[in-house]
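Survey of secondary and tertiary structure
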Amino acid sequence: MNYINYSCATINNLNINKEIISDIQAVATRYPFLVSSSYAGLIQAPGDAVWRQCIPDVRELEDDGQLADPLAEVSLSPVPGLIHRYPDRVVLLVSNRCPVYCRFCMRKRHVGCGGTEPPSRERLDQALAYIRATPAIRDVTLSGGDPLMLDDATLHDILTRLRAISHVTVIRIGTRIPVTLPERVTPELCAMLRRFHPLYVNTHFNHPAEITSASTAACTLLADAGIPLGNQTVLLRGVNDDVAIMRDLMSGLLGIRVRPYYLHQMDLVRGTAHFRTPLASGLEIIRALRGHISGLAVPHYVIDLPGGKGKVPILPDTLERDGDQVFVTTYRGERVAYRDI
Ligand SMILES: *Cc1c(COP(=O)(O)O)cnc(C)c1O
Ligand code: SF4
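Below, the structure is looked at part by part. (Residues numbered from 1 in each chain as written. Chains lettered and ligands numbered in written order. Predicted model: local features only at pLDDT ≥ 70, side-chain atom pairs only at ≥ 80, totals over all residues. Heavy atoms only, no water.)

Right, let's get into the site of ligand 1. Taken together, the neighbourhood of ligand 1 is formed by I83, R85, Y86, R89, V91, R172, Y261, Y262 and K311. R85 is positioned with one of its side-chain polar atoms (N or O) 3.0 Å from an oxygen atom of ligand 1. Y262 has a polar side-chain atom sitting 2.5 Å from an oxygen atom of ligand 1. Across the complex, the protein chains shield 87% of the 390 Å² of accessible surface that ligand 1 would expose by itself. Its atoms largely coinciding with the cavity grid, ligand 1 occupies the largest pocket. Mapped by element, the contributors of at least two residues to the shell around ligand 1 are β1 (82-86), β2 (89-93) and β7 (258-264). Residues that form the shell around ligand 1 fall into these classes: five nonpolar, no polar and four charged. (Near = heavy atom within 4 Å. Polar contact = N/O pair within 3.5 Å; in protein donor to acceptor, adjacent residues only side chain to side chain. Areas by Shrake-Rupley, 256 points an atom, 1.4 Å probe, with all protein chains shown as cover. 1 Å grid on protein atoms, 1.4 Å probe; cavity = no way out; pocket = protein on both sides within 12 Å on 5 of 7 lines; lining within 4 Å. Sits in = over half its atoms within 2 Å of the grid points. Helix = DSSP H or I, 4+ residues; strand = E, 2+ residues; numbered from the N terminus. Nonpolar A, V, L, I, M, F, W, Y, C, P; charged D, E, K, R; others polar.)

What follows is the structure, given as structure tokens:
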């Protein structure tokens with residue numbers, strides 16, 4: 001498994017106040033700290049939305065009550081690095097590195113050099129053997145870490161071996177690279193990926209400030225290679241738990257041919273509690289989006305239930321029943337009677 005090389009910002013060229021450098025270093029001994037130069041370049045001021053996503057915060061160390069793996073991904077792994085939770089689809093962890101270690105990451109236990117055992121050739125062989133031997137699997141998502149941290153030749157090898165399994169129809173790649181290292185998305189990469197259709201990419205934008213000329217160019221290259229692009233956003237306190245920000249983000253994504261897919265309620269992962277919002281924030285955001293902006297721009301708001309029970313969409317209450325009458329609340333807040341049969 002060969003990884004790409006790229007340029008990172010250092011703690012010294014991030015313009016960090018001396019007093020908090022030791023805090024950052026303390027956090028980094030537990031949860032790795034790394035920021036690509038391109039993502040660091042989006043920071044406008046200490047404490048802004050980009051900063052909060054990538055600069056360690058002492059509150060990460062204060063949150064000890066949560067589990068490292070609340071979604072029970074490890075126990076849902078028939079072989080290491082493969083998560084089989086739903087009957088027909090699996091997640092294959094092919095990389096434990098990312099250009100930026102997001103402070104809210106749900107796989108904090110896994111990413112970076114301090115994480116669990118990194119994906120190896122032998123582990124990949126085992127996972128592919130399991131997929132080959134399990135005909136119910138029709139959909140494989142490459143995840144990590146970030147799969148696009150692997151070099152083109154390694155990715156090509158993994159995709160070729162997956163495509164050789166006839167019951168695997170859909171291949172998805174979950175990647176934050178268009179945001180965190182957009183220059184990684186090259187014409188060569190896209191020319192390679194397009195040979196493995198149907199291939200879908202789900203990316204991960206959390207804030208309108210992440211929609212830049214560079215991330216737009218990356219998404220354009222992918223979309224021009226015929227790759228349908230979806231987006232997963234994590235709802236983050238102090239970053240994007242705001243109706244106007246979410247509206248700009250979701251319509252901005254549609255404008256660069258990325259279709260909002262999921263808005264995730266923060267998982268109960270250790271070290272991330274300071275980002276968590278009440279469900280009411282997410283419901284309020286969905287209420288403010290639905291009907292007010294293009295339906296194509298409205299994601300499903302989901303909770304990934306603890307214990308590996310799966311993702312469940314949640315919606316604002318719009319339905320009340322009275323006999324065979326139901327009362328439905330419209331996007332304008334009007335209550336309308338509708339006869340059910
Ligand atoms: C999210 C997820 C999937 C994919 O779910 P979709 O709803 O089909 O996007 C598959 N496996 C696991 C373990 C997941 O967490
Ligand atoms: S890019 Fe994804 S996997 Fe990597 S640290 Fe960020 S959220 Fe976690």
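Attention shifts here to helix α1 (residues 18-30). If you check which residues of α1 are buried, you get I21, I24 and V27. One face of α1 carries all of its buried residues, which in axial projection span an arc of 130 degrees. Summarising the geometry of α1, the exposed residues directed more than 90 degrees from the buried face are E19 and T29. (Buried < 20%, exposed > 50% of the residue type's maximum accessible area, 1.4 Å probe, protein only. Arc of directions from axis to C-beta.)

Surrounding ligand 2, one finds C98, V100, Y101, C102, C105, R176 and H204. For the shell around ligand 2, a count of residues per class yields five nonpolar, one polar and one charged.

Time to look at the pattern of salt bridges. One pass over the full model with this rule turns up 16 salt bridges. Of the charged contacts in the structure, one is a salt bridge between R257 and D224, with a shortest N-O distance of 2.8 Å. Of this pair, R257 sits in the loop between α10 (243-255) and β7 while D224 sits in helix α9 (residues 213-224), and the two are 33 residues apart along the sequence. Its relative accessible area of 44% is what places R257 among the partly exposed residues. What emerges from the salt-bridge pattern is a single network uniting E60, R103 and K108. (Salt bridge = Lys/Arg side-chain N within 4 Å of Asp/Glu carboxyl O.)

Attention now goes to helix α11 (residues 279-289). Side chains that are three or four residues apart share a direction in an α-helix, a result of its 3.6 residues per turn. For α11, the full list of buried residues reads G282, L283, I285, I286, A288 and L289. Downstream of α11 by a residue or two, G291 has a phi angle that is positive, lying close to 90 degrees.

Attention now goes to the layout of surface pockets. Approximately 1100 Å³ is the volume found for the largest pocket. Space inside the second largest pocket adds up to approximately 550 Å³. Every residue lining the second largest pocket is counted, 28 residues in all, and those nearest its centre are R290, V298, P299, H300 and L315. For the lining of the second largest pocket, the secondary-structure elements that each account for two or more residues are β5 (199-203), β6 (229-234), β7, α11 and β8 (300-305). (Points joined across faces, edges and corners; volume = space filled by probe spheres on them.)

Attention now moves to the side chain of D139. With respect to the helices and strands, the residue D139 is situated in strand β3 (residues 139-143). A distance of 2.9 Å separates the side chain of D139 from the side chain of R172, its partner in a polar contact. In this structure, D139 is in contact with D88, R89, V90, V170 and R172, ignoring residues within four places of it in sequence. (Contact = heavy atoms within 4.5 Å.)

Before going further, it helps to examine the sheet that holds strand β11 (residues 325-329). Sheet architecture is open: three strands sit in the order β10-β11-β12, paired in antiparallel fashion. In the strand order of this sheet, the two ends are held by β10 (319-322) and β12 (335-339), each with one partner. Each strand axis lies, on average, 25 degrees off the axis of its neighbour in the sheet, ignoring direction. Sheet analysis places β10 next to β11, joined by four bridges and oriented antiparallel. Within the sheet, the bridge partner assigned to R321 lies in β11 and is V326. (Pairing = 2+ DSSP bridges. Axes fitted to C-alpha atoms, helices over the stretch in contact; angles between N-to-C directions.)

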